[in-house]
Amino acid sequence: ADEPLVLGIETSCDETGIGLVRGHTLLANTIASSMDEHARFGGVVPEVASRAHLEAMTPTVEAALAAAGVRLSDVDAVAVTAGPGLAGALLVGVAAAKSYALGLGVPLYGVNHLAAHVAVDQLEHGPLPKPCVALLVSGGHSSLLLVPDVAQDVISLGSTVDDAAGEAFDKVARVLGLPFPGGPHIDRAAREGSGTAVTFPRGKIDDGTLDFSFSGLKTAVARWVEARQAAGETIHVPDVAASFQEAVVDVLTRKALAACKKYDVHDLLIGGGVAANSRLRALAQERCDAAGVRLRVPRPGLCTDNGAMVAALGSNLVAAGITPSMLDIPADSSLPI
Ligand code: KG4
Ligand code: ZN
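Residues numbered from 1 in each chain as written. Chains lettered and ligands numbered in written order. Predicted model: local features only at pLDDT ≥ 70, side-chain atom pairs only at ≥ 80, totals over all residues.

**Describing the overall build of the protein**
Applicable threshold: The helix count covers DSSP runs of H or I at least four residues long, the strand count covers runs of E at least two residues long, and both are numbered beginning at the N terminus. Each radius of gyration is computed over the set of C-alpha atoms, and the globule rule expresses the reference value as 2.2 Å times the number of residues to the power 0.38. Contact definition: two residues whose C-beta atoms, as placed from backbone geometry, lie within 7 Å.
Each helix and strand counted, the protein has 12 helices and 10 strands in total. Over its C-alpha trace the protein gives a radius of gyration of 20 Å, about what one expects of a compact globule, namely 20 Å for 337 residues. If you line up the protein on its principal axes, its C-alpha atoms span 65 × 45 × 30 Å. Taking contacts inside the protein between residues at least 6 apart in sequence as the whole, the part at least 24 apart equals 75%.

What follows is the structure in structure tokens.
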């Protein structure tokens, strides 16, 4: 018999993501983003995101079904992001998922967004090594996880105590006059600059924890730029971008490899929007090679928020025989891992 067809729904932030996965074969990954509506505010506006999810839900599900060449009635299970994320945005996805599951008479699974970021890699690189360490870095989260089994055992090792890594990229981009979201612009500018031009602080680098802190770095960059501008100097944006980026990826990769060492794990996975960063990928590869750790980074379209990651984790839950959550799923903005 065919493996089950799982519909995944992701609405934790600004992306309405609909994924269709059979077993661990990706059939469709369709996304409607409301980012254009948020750009002029310099950040995601929760109420705007919720309304956009409501409008995008049905057309995005229909587009995904068409892309996969399947019918809604073919769906065997529904999975939805239950949290963490923006409460109002999550509610739209959870309500839609309950409706689909109830209408179709199929099991419904509420999943953790961070675990889904890990599970998605199976769609590209096959079964996850057990255990692996995952570094998840995006505009909303920066976490290190120990993953003995993505379907039932994911342990938080550390996370940011203030800003997320992507948030730091976005805020520093604004200081440098680059558009929102700033991560890709900093990445591009940094290629023309030197990562050693300015030494910026590496928060919590030697504190013995697996937590991160980026707000001191962000402030240090802003102060540095303000001081130069007040003195009438022109800023060499590529050098500042590269030096800031180096500080972020130095800390991220050092802590990720410290986690692998501490737990004797030989596979590291990096996910989330910031995983698209070219310097992060290069330095992570260099440090993994030196430590004998294998590195897995999904392609950019699977790293940023999407529905396929939710469907991928849903598939694991179905395969593991986990009891579906059905209508009990809360939308929990601070859902723990
Ligand atoms: O995963 P994502 O699409 O959404 C969430 O925040 O959950 O991540 C978006 C974040 C933004 O902060 C964006 O600036 C950052 O990922 N980002 C990057 C790059 N591409 C996206 N940061 C650094 N370098 C990049 N190439
Ligand atoms: Zn995310």
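**As for the UniProt feature "binding site: substrate" (unreviewed entry) in the protein**
What counts here: UniProt positions are given in the numbering used here, feature names are shortened, and annotations may be inferred rather than shown by experiment. Exposure criterion: with C-beta atoms placed from backbone coordinates, a residue whose C-beta has 20 or more other C-beta atoms within 10 Å is buried, one with 12 or fewer is exposed, and one in between is partly exposed.
Per the UniProt entry, the sites bearing "binding site: substrate" (unreviewed entry) are Leu 136, Val 137, Ser 138, Gly 139, Gly 140, Asp 170, Gly 183, Asp 187 and Asn 277 in this numbering. Relative to the helices and strands, Leu 136 resides in strand β6 (residues 132-137). The contact partners of Leu 136, leaving out residues within four places of it in the chain, are Leu 114, His 117, His 141, Ser 143, Leu 145, Gly 271 and Gly 272. Note on placement: Val 137 falls in strand β6. Judged by the 32 C-beta atoms lying within 10 Å of it, Val 137 falls in the buried class.

**Observations concerning the site of ligand 1**
To keep it simple, the criterion reads: We call a residue near a molecule or strand if the C-beta atom, set from the backbone, is within 6 Å of it. Residues are sorted three ways: Asp, Glu, Lys and Arg are charged, Ala, Val, Leu, Ile, Met, Phe, Trp, Tyr, Cys and Pro are nonpolar, and all the rest, Gly among them, are polar.
In the region of ligand 1, 19 residues are neighbours, and Gly 139, Gly 166, Gly 183, Gly 273 and Thr 304 sit closest. For the shell around ligand 1, the per-class residue count stands at six nonpolar, 10 polar and three charged.

**Re the domain arrangement of the protein**
The extent of an interface is frequently quoted as the accessible surface area lost upon association of the parts. Basically, it comes down to this: For the purposes of this description, domain bounds are those given by an automatic or database domain assignment.
If you check the domain split of the protein, you get domain 1 (5-120 + 306-328) and domain 2 (130-299). Distance between the C-alpha centres of domain 1 and domain 2: 27 Å. Each side of the interface is counted separately: domain 1 has 14 residues, and domain 2 has 17 residues. Contributing elements (two or more residues each) for the side of domain 1 that touches domain 2: α4 (113-119) and α12 (307-319). With five residues, the top contributor of residues to the side of domain 1 that touches domain 2 is α4. Split into classes, the residues belonging to the side of domain 1 that touches domain 2 amount to 11 nonpolar, three polar and no charged.

**Some points on the pairing of strand β3 (residues 25-33)**
Going by this rule: Between any two strands, pairing holds if DSSP finds at least two bridges.
Sheet topology places strand β2 (residues 15-22) next to β3; eight bridges connect them, and they run antiparallel. Paired with Glu 15 across the bridge in β3 is Ser 33. The loop that links β2 with its antiparallel partner β3 comprises two residues; one of these, Gly 23, has a positive phi angle of about 60°.

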